[in-house]
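Read off the chains here:
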Amino acid sequence: MQNHPSYPVLSQLLEKYPATGGALFQVYNDLTLAQKWIDVEVLDLPACKRAAIKGKRPTPDTDRVPSICIVVPCSLSESISASWLRAAFTSLDPLPSEIYVAITSEDTSTVYYKISQGIVKPPV
Amino acid sequence: MAQPILLRVSNFKAYVWDVDDINILRSHHHICGILTGTLPHLSSQNIFLGLPLQLMPEEAVLLVENEIAVLVDDPSAHYAPSPSTLKLWKEARLNDARQQIALTEEKGSIEASNPDRAMSENAKRKRKEREERRAREKTNAAPRVPVEDSPSPHRTSENPSQAAIGEPLDSTIVMPSGSYTVNIPASSSKLEWYAPHSDVSLTIAREAGIWLYPSTLQERARCGVFRDLWEKGYYMGGGIKFGGEYLVYPGDPLRYHSHFVASVIEAPDAALRPMEIVAHGRLGTGTKKAHLLCEWNDETQVVSYLSVEWAGFG
């Protein structure tokens, strides 16, 4: 991992949260290299005992400004809870309207789910 | 205030047997329930069902807590009828049968007197058989059918004022021969021997042993979540078809599709597996809905919501 180009950006938080290091590494690489997100940064989320990733998601239309999204990585084998999800919201400033949970599996598949606080209708 | 609706409890399930009550529950209180009764004319299917309406336990709890309904222990509300009541009932049945046969005969004579009416061979044969049978009956006396004495001795111990078991009736009732329809009322409300005793609160019902819901944290969580969604004006239905506890509709389910599939999380720290988020989220989005994680906090009695959707990438 140390020889990987992503390592320098992630090294501090990988050291701080070794348990979730695998998920962080996998999701960071997926976002930057496969999903082609831009302005990608890592944040410290002590309430969830892990790092989170902030970046701009590319939009299909070129005239729309890409929105800033927060991604919280998590492995399929973990046990989380509703309060864990809400803690992710409250520890972020400014409070986002939604976050993305990135769930990683051992075969390197990463799936993303959008979580919003409250009762939010699906888009038509 | 309007009279509370009677929820008839049998084996810890709440049923509504009166159509007017079902209407009120749906239109005034946005509680839908589900019809579970077989339709006699359409018996071998379960798409269209009739009375009674069965309520989810959370629905019954909410209605009783809001004083919209009361619980009735249905089995003990049915008493053994007194011999005089039974006699009246049987006479009413006999009159109904006679009326039906008279109408049938009248219809038959109208048809017979109309010569222009074309009749198939089958119809002609049947009419001939009917006339022959009627002629035979007129010559023979109708057999006397003695009626049985008061049934169900088990209930009388609860109601000592009722007549003793085994007392014979004053007269035997003769049911006429000929075909007629026997009507069995769906609701017991109009029966002379139905006298409901209602339990006004859940506590009393619990002590009486007829209603126990909610008893566990999971059940309390469901009641709490259901109530919160109901107070926000939503209509709720069962969620099994979409992998959740409830379907949450913005209006009457006959008019709208649901926007949400809700599942109940019994405590803020209850373990949640990421795979559940994947399964709920993808199924919700795949069916044009969002999944609603409804977290119940038993200490603060507050519901917190998280809406889950597939991100659409990855």
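Residues numbered from 1 in each chain as written. Chains lettered and ligands numbered in written order. Predicted model: local features only at pLDDT ≥ 70, side-chain atom pairs only at ≥ 80, totals over all residues. Heavy atoms only, no water.

> Account for the overall build of chain B, with residues named and values stated.
Along chain B, the regular secondary structure elements total eight helices and eleven strands. Out of the 314 residues belonging to chain B, those deemed buried represent 37%. Partitioning the intrachain contacts of chain B with sequence separation of at least 6 by distance along the chain shows that 63% fall at a separation of at least 24. (Helix = DSSP H or I, 4+ residues; strand = E, 2+ residues; numbered from the N terminus. Buried < 20%, exposed > 50% of the residue type's maximum accessible area, 1.4 Å probe, protein only. Contact = heavy atoms within 4.5 Å.)

> Would you mind going over the environment of Ser 27 of chain B in detail, with residue names and values included?
Residues and elements named next belong to chain B. Its place among the elements puts Ser 27 in helix 1 (residues 19–29). Distance in space between the C-alpha atoms of Ser 27 and Pro 4 is 15 Å, their sequence separation being 23 residues. In this structure the side chain of Ser 27 is engaged in a polar contact, spanning 2.7 Å, whose partner is the backbone oxygen of Asn 23. (Polar contact = N/O pair within 3.5 Å; in protein donor to acceptor, adjacent residues only side chain to side chain.)

> Report on the sheet that holds strand 2 (residues 13–16) of chain B, specifying residues and quantitative values.
Residue and element names in this part refer to chain B. Across the sheet, six strands lie side by side as 3-4-2-1-5-6; this open sheet has mixed pairing. Of all the strands in the sheet, just strand 3 (34–37) and strand 6 (198–199) have a single pairing partner and so form its edges. Bridge count for strand 1 (residues 5–10) against strand 5 (residues 69–73) is five bridges, and the pairing is parallel. Residue pairing in the sheet places Ile 5 in a bridge with Ala 69 of strand 5. Relative to strand 1, helix 1 is tilted by about 110°, and along the sheet it contacts strand 1, strand 2, strand 3 and strand 4 (50–55). (Pairing = 2+ DSSP bridges. Axes fitted to C-alpha atoms, helices over the stretch in contact; angles between N-to-C directions.)

> Requested: an account of the sheet that holds strand 3 (residues 68–75) of chain A, with residues and values cited.
Judged by pairing direction, the sheet is mixed, and its ten strands sit side by side in the order 1(A)-2(A)-3(A)-4(A)-5(A)-11(B)-10(B)-9(B)-8(B)-7(B) without closing on themselves. In this open sheet, the two strands that pair with only one neighbour each are strand 1 (38–45) of chain A together with strand 7 (235–238) of chain B. Shown here is a sheet whose adjacent strand axes are inclined to one another by a mean of 30°, direction ignored. Alignment of strand 4 (residues 98–104) of chain A against strand 5 (residues 110–117) of chain A, held across seven bridges, turns out to be antiparallel. Its bridge partner lying in strand 5 of chain A, Glu 98 of chain A is registered against Ser 116 of chain A. Contacts from helix 1 (residues 7–16) of chain A reach strand 1 and strand 2 (50–56) of chain A, with the element oriented near 20° to strand 1 of chain A.

> Give me the lowdown on the packing of aromatic side chains, citing residues and values where you can.
Following the criterion strictly, the structure yields five aromatic pairs over all chains and no others. With a centroid separation of 5.7 Å and 55° between ring planes, the pair formed by Trp 37 of chain A and Phe 313 of chain B is classed as tilted. Of this pair, Trp 37 of chain A sits in the loop between helix 2 (21–34) and strand 1 while Phe 313 of chain B is found in the segment after strand 11 (302–310), placing the two residues in two different chains. Using a relative accessible area of 10% as the deciding quantity, one classes Phe 313 of chain B as buried. Geometrically, the ring pair formed by Tyr 100 of chain A and Phe 313 of chain B is tilted, given 5.6 Å between the ring centres and 50° between the ring planes. Here Tyr 100 of chain A, found in strand 4, pairs with Phe 313 of chain B, found in the segment after strand 11, and the two come from separate chains. Taken as a pair, Tyr 100 of chain A and Phe 313 of chain B share a single burial class, namely buried. The structure contains a cluster of three or more aromatic residues connected by ring pairs, namely Trp 37, Tyr 100 and Tyr 112 of chain A together with Phe 313 of chain B. Across the ring face of Trp 310 of chain B, the terminal group of Arg 282 of chain B is positioned such that the distance to the ring centre comes to 3.7 Å. The lysine or arginine in question, Lys 289 of chain B, covers the ring of Phe 242 of chain B, its NZ or CZ lying 4.4 Å from the ring centre. (Phe/Tyr/Trp six-rings, centres within 6.5 Å; stacked < 30°, edge-to-face > 60°. Lys NZ or Arg CZ within 6 Å of the ring centre and 35° of its normal.)

> Quick rundown of the UniProt feature "domain: tRNA intron endonuclease catalytic" (unreviewed entry) in chain B? Include the residues and the values.
Here, UniProt's "domain: tRNA intron endonuclease catalytic" (unreviewed entry) annotation points to residues 222–302 of chain B. Annotated as residues 222–302 of chain B, this span is 28% helix and 28% strand, and its ends, taken at the C-alpha atoms, are 12 Å apart. (UniProt positions renumbered as here; feature names shortened; annotations may be inferred.)

> I'd like to hear about the packing of helix 1 of chain A against helix 2 of chain A, residue by residue, with values.
Each packed pair of helices is defined by two parameters, the angle between the axes and the distance between the axes. Residues and elements named next belong to chain A. Relative orientation of the contacting elements helix 1 and helix 2 amounts to 160°, with a least axis distance of 10 Å. Between helix 1 and helix 2, the angle is such that the two are roughly antiparallel. Our pair here, helix 1 against helix 2, has a crossing hand that is right-handed. Residues Val 9, Leu 10, Leu 13 and Leu 14 of helix 1 form the contact with helix 2, whose participating residues are Gly 21, Leu 24, Phe 25 and Tyr 28. (Parallel < 35°, antiparallel > 145°, perpendicular 65-115°, else oblique. Left-handed = near helix turned anticlockwise from the far one by under 90°.)

> Can you tell me about the packing of helix 2 (residues 57–65) of chain B against helix 7 (residues 217–231) of chain B, naming the residues and giving the values?
Residue and element names in this part refer to chain B. Interhelical geometry of helix 2 versus helix 7 gives an angle of 65° and a closest axis separation of 9 Å. The orientation of helix 2 with respect to helix 7, classified from their angle, is roughly perpendicular. Read as a crossing pair, helix 2 and helix 7 show a hand that is right-handed. Taking contact as the criterion, the partners of Glu 58, Glu 59, Val 61, Leu 62 and Glu 65 in helix 2 are, on helix 7, Arg 222, Cys 223, Phe 226, Arg 227 and Trp 230. Considering only residue class, the contact of helix 2 with helix 7 consists of five nonpolar, no polar and five charged. (Nonpolar A, V, L, I, M, F, W, Y, C, P; charged D, E, K, R; others polar.)

> Give me the lowdown on the pattern of salt bridges, citing residues and values where you can.
Once their charged atoms are close, side chains differing in charge can pair, the charge on each being opposite to the other. All names here are of chain A. Under the criterion given, the structure shown has 17 salt bridges over all chains. Between Asp 39 and Lys 56 there is a salt bridge, with the nearest N and O atoms lying 3.0 Å from each other. Placement of Asp 39 in strand 1 and of Lys 56 in strand 2 is noted, with a sequence separation of 17 residues between them. Overall, Asp 39 belongs to the partly exposed group, its relative accessible area being 49%. Lys 56 gets classed as partly exposed once you look at its relative accessible area, which sits at 26%. (Salt bridge = Lys/Arg side-chain N within 4 Å of Asp/Glu carboxyl O.)

> Outline the nonpolar core, supporting the account with residue identities and numerical values.
Judged by nonpolar contacts, the single largest core of 43 residues is most densely connected at Leu 7, Leu 71 and Trp 211 of chain B. Those residues within four positions of Leu 71 of chain B in sequence are excluded, and the remaining contacts are Leu 7, Val 9, Val 64, His 197, Ser 198, Asp 199, Leu 202, Ala 205, Ile 210 and Trp 211 of chain B. Formed by 26 residues, the second largest nonpolar core is a distinct cluster that contains Leu 43 and Ala 82 of chain A together with Ile 277 and Leu 306 of chain B. (Core = buried A, V, L, I, M, F, W, Y, C linked by side-chain atoms within 4.5 Å.)

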